[in-house]
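Residue-level listing of the chains:
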Amino acid sequence: MTSLKADCSQCFGLCCAALPFSASADFAADKAAGTPCGNLRADFSCGIHARLRESGYRGCTVYDCFGAGQHVSQVVFGGTDWREAPGTASEMFAVFPVVRQLHELLRHLQEAEGMPAAAALRPVLAEHRAGIEALTRLAPAVLAEVDVDARRREVGPLLGRASELARAAVRGRRRDRRGADLVGARLRRASLRGVSLRGACLIAADLAEADLRQADLLGADLRDAALAGADLTGALFLTQPQLNAARGDAATRLPDGLLRPPHWS
């Protein structure tokens, strides 16, 4: 099974070279796509990794490639890096964001396969997962042209069905909040257990001490959302980048497999 955990030691610094960023609260300087970050070392490590946030690169501490970096570096390009073979750089940089999105889909499919309530869907979930894994092994020129949105349209309803099955047993479920505009919403201590917040905009929302157990958070925007003391046990389709972008604390309860961001107080 494809590894969906980032291993920077096996990557050629692809997120630091392939992706663009602009000077902002998240990044201290501008960088064009395909231009290596000035902090990228010769061995592809980051020269300021231990002090990214203090150096103005908060955006880097939020990002996660879901293992796409090492897959592109070691599998798609067979361990040949873009400095050693400069002719591969543009193609490698084009393939990386495609694989990153495919790996995120794989991560969601893998989670859905593990839901006991969605056992009846496992064969079709596994079929879609195998199909996407096959895409990630295509030749670079073909892989760069993969229509990721089409894959999302195929997988999205299936993940939605798995979510419905997993949340069906939750008592007292509230109304569907998919895609809701909840920017800055006051939801402190709110009972959101088993609620679908899929695609909801929760930027800077106050979710401190909220009950988010078994809530569907696929695609929810949690940037600067307050999660201090919130209970996210069993939350569905929550990813590490979403947590990294939020503000929690030592009392925030997390789903299995996710890590407490080191910058949380």
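All values reported here derive from a predicted model rather than from experimental measurement.

Trainee: How do you make sense of the pattern of salt bridges when you look at a structure like this?
Mentor: Opposite charge on two side chains makes pairing possible when the charged atoms of those side chains draw close. Under the counting rule described, the total for this entry stands at 17 salt bridges. Ionic pairing is found between D26 and R58, a salt bridge with its closest N-O pair at 2.9 Å. Within this pair, whereas D26 is found in the loop between α1 (14-17) and α2 (58-62), its partner R58 is found in helix α2, the two being separated by 32 residues in sequence. On the accessibility criterion, D26 (28% relative accessible area) is partly exposed. Among the residues examined, R58 registers a relative accessible area of 27% and is labelled partly exposed. Residue R161 is joined to E164 by a salt bridge in which the shortest nitrogen-to-oxygen separation is 3.4 Å. Separated by three residues within a single helix, R161 and E164 lie in helix α7 (residues 148-167), roughly one turn from each other. According to the relative accessible area criterion, R161 is partly exposed, its value standing at 42%. E164 gets classed as partly exposed once you look at its relative accessible area, which sits at 39%.

Trainee: How do you make sense of the packing of helix α4 (residues 89-113) against α7 when you look at a structure like this?
Mentor: Each packed pair of helices is defined by two parameters, the angle between the axes and the distance between the axes. Where α4 contacts α7, the axes come no closer than 10 Å and their chain directions differ by 15°. Viewed along their axes, α4 and α7 adopt a mutual orientation that is roughly parallel. Considering only the axes of α4 and α7, their crossing is left-handed. Counting all contacts with α4, which are made through V98, Q101, L102, L105, H108, L109 and A112, the residues of α7 involved are V148, R151, R152, V155, L159 and A162.

Trainee: Any chance you could explain α7 here in plain terms?
Mentor: Because each turn of an α-helix spans 3.6 residues, side chains separated by three or four positions in sequence point in the same direction. The terminal C-alpha atoms of α7 lie 27 Å apart, and with 20 residues this matches the ideal 28 Å at 1.5 Å per residue to within 8%. Taken as a whole, α7 carries its principal kink of about 30° at V155; the proline P157 stands between one and four residues after it. Here α7 has its buried residues at V148, A150, R151, V155, L158, L159, G160, A162, S163 and R167. Looking at the buried residues of α7, the elements they touch are α4 and α5 (122-135).

Trainee: I tried to follow the environment of A119 on my own but got confused; where do I start?
Mentor: Tracing the backbone through its elements, the reader meets A119 in the loop between α4 and α5. Judged by relative accessible area, A119 falls into the partly exposed class, the value being 33%. The sequence separation of A119 and A180 amounts to 61 residues, and the corresponding C-alpha distance is 29 Å.

Trainee: Mind showing me how you'd approach unusual backbone geometry here?
Mentor: The phi torsion of most residues other than glycine is negative, and most of the peptide bonds are trans. Despite not being glycine, F44 shows a phi value in the positive range, around 75°. Here F44 lies in the loop between α1 and α2. With phi around 60°, F237 is a residue other than glycine that occupies positive phi space. With relative accessibility at 0%, the residue F237 sits in the buried group.

The rules behind these values
Residues numbered from 1 in each chain as written. Predicted model: local features only at pLDDT ≥ 70, side-chain atom pairs only at ≥ 80, totals over all residues. Heavy atoms only, no water. Salt bridge = Lys/Arg side-chain N within 4 Å of Asp/Glu carboxyl O. Helix = DSSP H or I, 4+ residues; strand = E, 2+ residues; numbered from the N terminus. Buried < 20%, exposed > 50% of the residue type's maximum accessible area, 1.4 Å probe, protein only. Axes fitted to C-alpha atoms, helices over the stretch in contact; angles between N-to-C directions. Parallel < 35°, antiparallel > 145°, perpendicular 65-115°, else oblique. Left-handed = near helix turned anticlockwise from the far one by under 90°. Contact = heavy atoms within 4.5 Å. Expected span 1.5 Å × (residues − 1). Bend = angle between axes of the 7 residues up to and from the residue.

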